[in-house]
Amino acid sequence: MKWLVLLGLVAFSECIVKIPLTRVKIMRKTRSEKHMLNNFLKEHAYRLNLTSSPGSNITTHPLRNIKDMLYVGNITIGTPPQEFQVVFDTGSSDLWVPSVFCTSRTCFSHVLFRHLESSTFRPNNKTFIVEDSSGSMKGVVARDTVRIGDLVITDQEFGLSMAQSGFEGMPFDGVLGLNYPNLSFTGGIPIFDNLKNQGAISEPVFAFYLSNKPEGSVVMFGGVDKSYYQGALHWVPLIQAGNWRVHMDRISMNRRVISCSGGCEALVDTGTSLIQGPRRLVNNILRLIGTIPRGSKHYVSCFAVNTLPSIIFTINGFNYPLPAQAYTIKDSSGNCYTSFKENTASTSTETWILGDVFLRQYFSVYDRGNDRIGLAQAV
């Protein structure tokens, strides 16, 4: 899921700000399921009321659960605030939401930004076009006040989509990118850079805890809450500053190297649900697991899941096992399929994308001050 995102200045705070994330499923294209989801959203309206324990410096939002494979949280844009549900994405660097002027059918099922209702809105002469594996979009860049929990960003650039395709059935309105500024499509300063540059956070780090359960997931800014992981954080240097990409030593199963035999690259991406890799190597893993292809998915017997071996990702000399219970997913019919998928993007080197399937097992910290990623066993 590669998109864009932009934001800006912020109110000062010395606390760790934790934003709850909701695990949701991508809507099936059936009228009955869409009707059920709409009813659920009405009955479980998300509130932006802040909660905190007495004496605690950690601020959190209440959670709403829709269930399944994607993690979303809420922000507001404008004055008075207009609320949007977004993906917090380490694979992109911009913020975008759909505009009230969006003419695409996909926009009609989402919250649209109404610029005339915001007293702090300012237009911008810039436009943008994005095309990637998830879809395409074109729109304009604007400025307004953005709120993420207690953090208030004023006069912040962000994208307003005017036309988009490929996002049908997605249970979120937009994307908030947390990657480096050199990957911004709009050329502006990403929100985390503004938080860091203006001193709004005490440390230039953010972290993700993606729960296996429908609720409890958070993204936190400005520090790390150690209650979300056990053991020590293992730090992995980035291949180079500018992208959350690290060197991976190998991928093995049953003490046998099955991929990345000479070392490879891995993108740590909260905006990708599955684990993606080169077609030939993914097919080899699926063959070793003993999957049966059915459509675009590869199934295994749910009874056999407990007997399947762990797949071990070795990064910077440390092993990160992924048990079969983590790399298999049960669909709505009660059948089990694997979470490995071909990466369609062409790269000059062997590249894997470690998405939410991996990150549910391992708490992840993104350290912009030292250009590194920390990983630890999630609780």
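Residues numbered from 1 in each chain as written. Predicted model: local features only at pLDDT ≥ 70, side-chain atom pairs only at ≥ 80, totals over all residues. Heavy atoms only, no water.

Visitor: How do you make sense of the confidence of the model for the chain when you look at a structure like this?
Guide: Detailed reading of predicted coordinates is not advised where the pLDDT is low. This prediction gives the chain a mean pLDDT of 84; 83% of its residues lie at or above 70. Note that pLDDT drops below 50 for residues 1–14; the model gives that stretch 95 contacts with residues more than four away or on any other chain. Below pLDDT 50 for its whole length, residues 27–67 participates in 78 contacts with residues either more than four positions away or in separate chains. (pLDDT = per-residue confidence, 0-100. Contact = heavy atoms within 4.5 Å.)

Visitor: Any chance you could explain the side chain of N179 here in plain terms?
Guide: Of note, N179 is situated in the loop between β9 (174–177) and α2 (191–197). Since its relative accessible area comes to 2%, N179 is described here as buried. Only 2.9 Å separates the side chain of N179 from the backbone oxygen of T90, close enough to count as a polar contact. Excluding residues that lie within four positions of it along the chain, N179 makes contacts with D89, T90, G91, S92, S93, P190, D193, G242, N243, W244 and R368. (Helix = DSSP H or I, 4+ residues; strand = E, 2+ residues; numbered from the N terminus. Buried < 20%, exposed > 50% of the residue type's maximum accessible area, 1.4 Å probe, protein only. Polar contact = N/O pair within 3.5 Å; in protein donor to acceptor, adjacent residues only side chain to side chain.)

Visitor: Is there a simple way to think about helix α3 (residues 279–289) in this case?
Guide: Residues separated by three or four positions in an α-helix point in the same direction, a consequence of the helix having 3.6 residues per turn. Taken as a whole, α3 has its buried residues at L281, V282, N284, I285, L286 and I289. Once α3 finishes, G290 follows within two positions and takes phi at roughly 90°, a positive value.

Visitor: Where do I start with the sheet that holds strand β22 (residues 336–338) in this structure?
Guide: A sheet is described by the order of its strands in space; here 4 strands give the open sequence β17-β18-β22-β21, paired in antiparallel fashion. The outermost strands of the open sheet, each flanked by one partner alone, are β17 (292–294) and β21 (328–330). Ignoring which end each strand starts from, the neighbouring axes of this sheet average 45° apart. As judged from the 2 bridges shared by strand β18 (residues 297–300) and β22, these two strands associate in the antiparallel manner. Counted as the bridge partner of Y299 is Y337 from β22. (Pairing = 2+ DSSP bridges. Axes fitted to C-alpha atoms, helices over the stretch in contact; angles between N-to-C directions.)

Visitor: Can you walk me through the packing of aromatic side chains in this structure?
Guide: Aromatic ring pairs are described here by two measures, namely the spacing of the ring centres and the angle between the planes. Enumeration according to the criterion identifies 21 aromatic pairs in this entry. Clustering of aromatic rings is evident, with ring pairs tying together Y180, F192, F206, F208, F221, W244 and Y366. The ring of Y337 is capped by K297, whose NZ or CZ atom sits 4.6 Å from the centre of that ring. Residue placement shows R372 over the ring face of W235; its charged tip is 3.7 Å from the ring centre. (Phe/Tyr/Trp six-rings, centres within 6.5 Å; stacked < 30°, edge-to-face > 60°. Lys NZ or Arg CZ within 6 Å of the ring centre and 35° of its normal.)

Visitor: Got a minute to help me understand the pairing of strand β8 (residues 151–165) in this structure?
Guide: In summary, the side chains of a regular strand alternate between the two faces of the sheet. Alignment of strand β5 (residues 95–98) against β8, held across 3 bridges, turns out to be parallel. Residue W96 lies in a different strand from β8, and its bridge partner there is G159. The sheet contact formed by strand β7 (residues 136–148) and β8 spans 12 bridges and is antiparallel. Residue pairing in the sheet places D144 in a bridge with Q156 of β8. Linking β7 back to β8 in an antiparallel pair, the connection comprises 2 residues, with G149 at a positive phi of about 60°.

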